[in-house]
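Survey of secondary and tertiary structure
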Amino acid sequence: MLSWRRRPVTSEAQVPPTGPKLNLAELAKEDKPVILYDGVCNLCNGAVNFVLRRDWSGVFRFAALQSSKGRELLIAAGRAPDDMSSMILIEEGHAYAKSEAALRIAQKLSIPWPLLANIGLLVPLFIRDTVY
């Protein structure tokens with residue numbers, strides 16, 4: 001039987017990151033931004049599907065926050081490896097969370113999303129993040 005409860009997230013001490021250490025400067029050299037999302041959250045999966053349907057030119061790459069690469073990227077971004085509180089966008093060596101990530105993602109999607117994102121960026125961050 002399927003369970004709708006969230007799976008517990010293990011701590012970094014229990015699941016160490018594998019592979020070479022990543023840093024945001026290395027990612028800045030790559031041409032595609034990375035969206036980190038909660039792989040067990042239905043809302044987050046819906047958001048990823050939303051982006052995929054509107055990312056006609058294949059701008060974004062995706063990684064679940066629970067994956068080893070996702071954890072490595074979280075650490076490189078200065079966040080806790082078990083932080084599942086928000087979707088994270090890693091782009092040009094910077095990490096963006098919450099409304100900032102959502103609006104920056106929307107700027108790269110098909111029309112009308114870039115226009116709506118630019119309007120949304122005019123709203124102060126503390127208000128946007130509250131709504132997020």
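Conventions we followed
- Residue indices follow the written sequence of each chain, beginning from 1 at its first position.
- Given that the model is predicted, a residue must reach a pLDDT of at least 70 before its local features are reported, and side-chain atom pairs must reach 80 or more before they are shown or counted; all residues, however, enter totals for whole chains, interfaces and linings.
- Here the side-chain values reflect all heavy atoms present in the structure, with hydrogen atoms and water set aside.
- Here a helix means four or more residues in a row that DSSP labels H or I, a strand means two or more in a row labelled E, and each is numbered from the N terminus.
- Remark: exposure states derive from per-residue accessible area (1.4 Å probe, protein chains only) relative to the maximum for the residue type, with buried under 20%, exposed over 50%, and partly exposed in between.
- N or O atoms closer than or at 3.5 Å make up a polar contact, with two conditions inside protein: a donor-capable atom paired with an acceptor-capable one, and, for residues adjacent in sequence, both atoms drawn from side chains.
- Working rule for contacts: check all heavy atoms of both residues, and any pair within 4.5 Å makes them a contact.
- Among the buried residues, those of types Ala, Val, Leu, Ile, Met, Phe, Trp, Tyr and Cys that are joined through side-chain atoms within 4.5 Å form a nonpolar core.
- Stacked, tilted and edge-to-face are the three classes applied to pairs of Phe, Tyr and Trp rings, where Trp contributes its six-membered ring and a pair requires centres within 6.5 Å; stacked means planes under 30 degrees apart, edge-to-face means over 60, and tilted covers the rest.
- For a Lys NZ or an Arg CZ to count as sitting over a ring, it must be within 6 Å of the ring centre and within 35 degrees of the ring normal.
- Note: two strands are recorded as paired if DSSP finds a minimum of 2 bridges between them.
- To get an axis, fit a line to the C-alpha atoms, keeping to the stretch in contact for a helix; angles then go from 0 to 180 degrees between the N-to-C directions.
- The salt bridge definition used is simple: a Lys or Arg side-chain nitrogen within 4 Å of an Asp or Glu carboxyl oxygen.

A short note on the side chain of E100
- If you trace the backbone, E100 turns up in helix 4 (residues 98–106).
- Here E100 falls in the buried class, since its relative accessible area comes to 18%.
- Within the structure, E100 has its side chain in polar contact with the side chain of R104 (distance 3.0 Å).
- When sequence neighbours within four positions are dropped, the list of residues in contact with E100 reads L121, L125, R128 and D129.

Quick notes on the nonpolar core
- Ranked by size, the top nonpolar core spans 14 residues in total, and within it I35, Y37, V51, F60, M87, L89 and I105 carry the most contacts.
- For this core, the elements supplying multiple residues, two or more each, are strand 1 (34–37), helix 2 (42–54) and helix 4.
- Broken down by element, this core gets its largest block of residues, three residues, from helix 2.
- Apart from the residues lying within four places of it in its own chain, the contact partners of L89 are P33, V34, I35, F60, H94, A95, Y96, A101, R104 and I105.
- If you look at the next biggest cluster of nonpolar residues, it comprises nine residues, including V34, L65, M84 and I88.

Digging into the packing of aromatic side chains
- This model, assessed by the stated rule, comprises one aromatic pair.
- The ring of Y96 carries R104 above its face, with NZ or CZ at 4.0 Å from the centroid.

So, the sheet that holds strand 3 (residues 88–91)
- Read across the sheet, four strands follow the order 2-1-3-4 without closing on themselves; strand pairing throughout is mixed. With one partner strand each, in any of the chains shown, strand 2 (61–64) and strand 4 (94–97) form the two edges of the open sheet. Taking each pair of neighbouring strands and ignoring which way they run, the sheet shows an average axis angle of 25 degrees.
- Against the sheet, helix 2 makes contact with strand 1 and strand 2, and its axis sits at roughly 155 degrees relative to strand 1, the strand it touches most.

What about the pattern of salt bridges?
- A complete count under the given rule lists five salt bridges for this structure.
- Here D83 and R79 are joined by a salt bridge, their closest N and O atoms 2.9 Å apart.
- With relative accessibility at 18%, the residue D83 sits in the buried group.
- E100 is paired through a salt bridge with R128; the nearest N and O atoms lie 3.1 Å apart. Of this pair, E100 sits in helix 4 while R128 sits in helix 6 (residues 125–131), and the two are 28 residues apart along the sequence.
- Salt bridges sharing partners connect three or more residues here, namely E100, R104 and R128.

Function cannot be read off these values alone, since they describe shape.
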